[in-house]
Amino acid sequence: DTYPVTSKLIIRTGQYHCCYSDQTRTARKYSQLRNGYFNDMHIKMIKDALGDRYSVSVWDVASIAQRRPLIGRQESTQCYSNHVRSEVVEVENQVLFNALCN
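What counts, and at which threshold
Every chain begins its residue count from 1, and numbering advances along the sequence as written. Two thresholds apply to this predicted model, a pLDDT of at least 70 for residue-level local features and 80 or more for giving and counting side-chain atom pairs, whereas whole-chain, interface and lining totals are computed over all residues. To get the side-chain values, all heavy atoms of the structure are used, and hydrogens and water are removed first. Strands are runs of DSSP state E lasting at least two residues, helices are runs of H or I lasting at least four, and both sets are numbered from the N terminus onward. Exposure categories follow from relative accessible area, calculated using a 1.4 Å probe and restricted to protein chains: below 20% of the type maximum is buried, above 50% is exposed, and the middle band is partly exposed. Working definition of a nonpolar core: buried Ala, Val, Leu, Ile, Met, Phe, Trp, Tyr and Cys residues. They are joined through side-chain atoms within 4.5 Å. Note on definitions: a residue-residue contact is assigned when non-hydrogen atoms from the two residues lie within 4.5 Å. Confidence scores labelled pLDDT are given residue by residue by the predictor and lie between 0 and 100. Residues adjacent in sequence count toward polar contacts only when both atoms are side-chain atoms; beyond that, a polar contact is any pair of N or O atoms within 3.5 Å, and within protein one must be able to donate a hydrogen and the other to accept it. The patches described consist of residues with a relative accessible area above 30% and no salt bridge, like charges being joined within 9 Å and nonpolar side chains (Val, Leu, Ile, Met, Phe, Trp, Tyr) within 5 Å. Shrake-Rupley sampling with a 1.4 Å probe provides the accessible areas, and residues are treated as covered by the protein chains on show and by no other component. The salt bridge criterion pairs a side-chain nitrogen of Lys or Arg with a carboxyl oxygen of Asp or Glu, the two atoms within 4 Å.

Trainee: How would you explain the environment of Ala 62 if you had to name every residue and give the values?
Mentor: Tracing the sequence through the fold places Ala 62 in helix H2 (residues 61-66). Residues Ala 62 and Gly 14 lie 48 residues apart in sequence; the distance between their C-alpha atoms is 6.4 Å.

Trainee: Could you give an account of the environment of Asp 40, naming the residues involved and the relevant values?
Mentor: Here Asp 40 lies in helix H1 (residues 32-50). Assessed through its relative accessible area of 53%, Asp 40 is described here as exposed. Spatially, the C-alpha atom of Asp 40 lies 8.6 Å from that of Thr 13, the residues being 27 residues apart in sequence.

Trainee: Run through the nonpolar core, naming residues and quoting values.
Mentor: Formed by Ile 11, Ile 43, Leu 50, Tyr 54 and Val 56, the largest nonpolar core amounts to five residues. For Val 56, the contacting residues outside a window of four places in its chain are Leu 9, Ile 11, Lys 47 and Leu 50.

Trainee: So, the confidence of the model for the chain: which residues are in play, and what are the values?
Mentor: Across the chain, the average pLDDT comes to 76, with 71% of residues at or above 70. For the chain, helix H3 (residues 70-73) is the element with the lowest average pLDDT, namely 69, and strand S2 (residues 55-59) is the one with the highest, namely 87.

Trainee: Can you lay out the side chain of Thr 13 for me, pointing to particular residues and giving the numbers?
Mentor: Relative to the helices and strands, Thr 13 resides in the loop between strand S1 (8-12) and H1. What makes Thr 13 buried here is its relative accessible area of 3%. Looking at Thr 13, its side chain comes within polar contact range of the side chain of Asp 60, at 3.1 Å. Of note is the side chain of Thr 13, whose polar atom sits 3.1 Å from the backbone nitrogen of Val 61.

Trainee: Outline a nonpolar patch on the surface, supporting the account with residue identities and numerical values.
Mentor: A cluster of nonpolar residues, Ile 10, Phe 97 and Leu 100, forms a patch on the protein surface that exposes about 300 Å² of accessible area. With respect to the secondary-structure elements, Leu 100 resides in helix H4 (residues 86-101). Looking at Leu 100, the relative accessible area reads 53%, which means it is exposed.

Shown next as C-alpha cells:
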C-alpha cells in the first residue's frame, strides 16, 4: 500500500455536462447521463478496489454545477465539447481547499 490506512482519500467527479451532445468533428457520443454513469462507475470501482482500508469521500463537482441557475449552466455550451470555464474549476477547487483546511 502506498498510503497509510489512516489516509483519507477524496475522489473528484467529472465536470457537469450541460445540455447537448458533443458537436465536435470527433462525434463523441457524450451526454449528461453518460457523464453521470461514468462518475458512478468510477467511484464504485475505486471503493471496491480499496475496500474498507481507507476512508473515501466524494467531491461531486457535477452536483455543485447542477445547482447553478440555468443561465450559469448554459455557459458551458459556448464550448463545443461542453467544457466548463477555468474560473468555475478554480472556484470548485477553492471551496474544497477551504473545507479541508479551515
